[in-house]
Amino acid sequence: MDVLESALDSLRARITKVLPAQVRDCLEMLDEEQIWWRPNEQSNSVGNIVLHVSGSLNHYLNRGVGGIEYTRDRDAEFAERRHIPKGELRAIFDDMISKAETTFDSLTIERLGDPSSEPRMQRLVIDDLIAIDSHLANHTGQIVWITKMLVGGAVDEVWIRAHKEFAWPRKS
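Residues numbered from 1 in each chain as written. Predicted model: local features only at pLDDT ≥ 70, side-chain atom pairs only at ≥ 80, totals over all residues. Heavy atoms only, no water.

Participant: What's the story with helix α1 (residues 2-29) in this structure? I'm lost.
Facilitator: An ideal rise of 1.5 Å per residue puts 40 Å on 28 residues; α1 measures up with 39 Å between its terminal C-alpha atoms. Along α1, the largest kink reaches about 45° and is centred on Arg14. (Helix = DSSP H or I, 4+ residues; strand = E, 2+ residues; numbered from the N terminus. Expected span 1.5 Å × (residues − 1). Bend = angle between axes of the 7 residues up to and from the residue.)

Below, the structure written as structure tokens:
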């Protein structure tokens, strides 16, 4: 049980604290134009990526694991071209993270072995959480890279700062 408890604590910290802190830091460094900049029409802006991870986590984590009602429009996450103001975009993201905290509050170790709500993709709830974490980490890395490309060295401490604050050492 200690191993599962540690795994659940680690996943919670990464999904609700560490990775969101990096996304928020990057949003803070970017201006409105930079948030919606894209190198070409086939690429996603930081704004689209934030909408996408918000929709994805609301769907797979908060609805699928947490039972929180949510209807997703995945295509709209990538199709958005209006420049949603930074504050509004941040509110969408923060609302999703708040719901993720609620989901983790209700998640027990015993539920980790329950069947996934997405059986075509995962077998168990623990598999869902690992997939959600890696998906969020992948897109957070994209946001950090785009931010670094647009604003330079100011991003160097984003990763380490988030880990020092929320993951090292983990609180028991």
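That shown, we press on.
Participant: Got a minute to help me understand the nonpolar core in this structure?
Facilitator: Soluble globular proteins: nonpolar side chains tend toward being buried together. Within the largest apolar cluster, 39 residues are counted, with the highest numbers of intra-cluster contacts made by Ile15, Val50, Leu61, Leu89, Leu107, Leu112 and Leu129. Setting aside chain neighbours within four positions, we find Leu89 in contact with Leu27, Ile35, Trp36, Gly47, Val50, Leu51 and Ile84. (Core = buried A, V, L, I, M, F, W, Y, C linked by side-chain atoms within 4.5 Å. Buried < 20%, exposed > 50% of the residue type's maximum accessible area, 1.4 Å probe, protein only. Contact = heavy atoms within 4.5 Å.)

Participant: Looking at this structure, how should I read the pattern of salt bridges?
Facilitator: Pairs can form between side chains of opposite charge whenever their charged atoms are close. The tally for this structure, following the rule as stated, stands at 14 salt bridges. Residues Asp25 and Arg161 are paired through a salt bridge, measuring 3.1 Å at the closest nitrogen-oxygen approach. Taken as a pair, Asp25 in helix α1 and Arg161 in helix α7 (residues 158-166) lie far apart in primary sequence, 136 residues in all. With relative accessibility at 23%, the residue Asp25 sits in the partly exposed group. (Salt bridge = Lys/Arg side-chain N within 4 Å of Asp/Glu carboxyl O.)

Participant: When you look at helix α6 (residues 125-151) in this model, what are you seeing that I'm missing?
Facilitator: Residues that lie three or four places apart on an α-helix share one face, since the helix turns once every 3.6 residues. In this model, α6 (27 residues) spans 38 Å end to end at C-alpha, consistent with the 39 Å of a helix rising 1.5 Å per residue. Just past α6, the residue Gly152 takes up positive phi, approximately 80°.

Taken by themselves, the reported measurements are silent on function.
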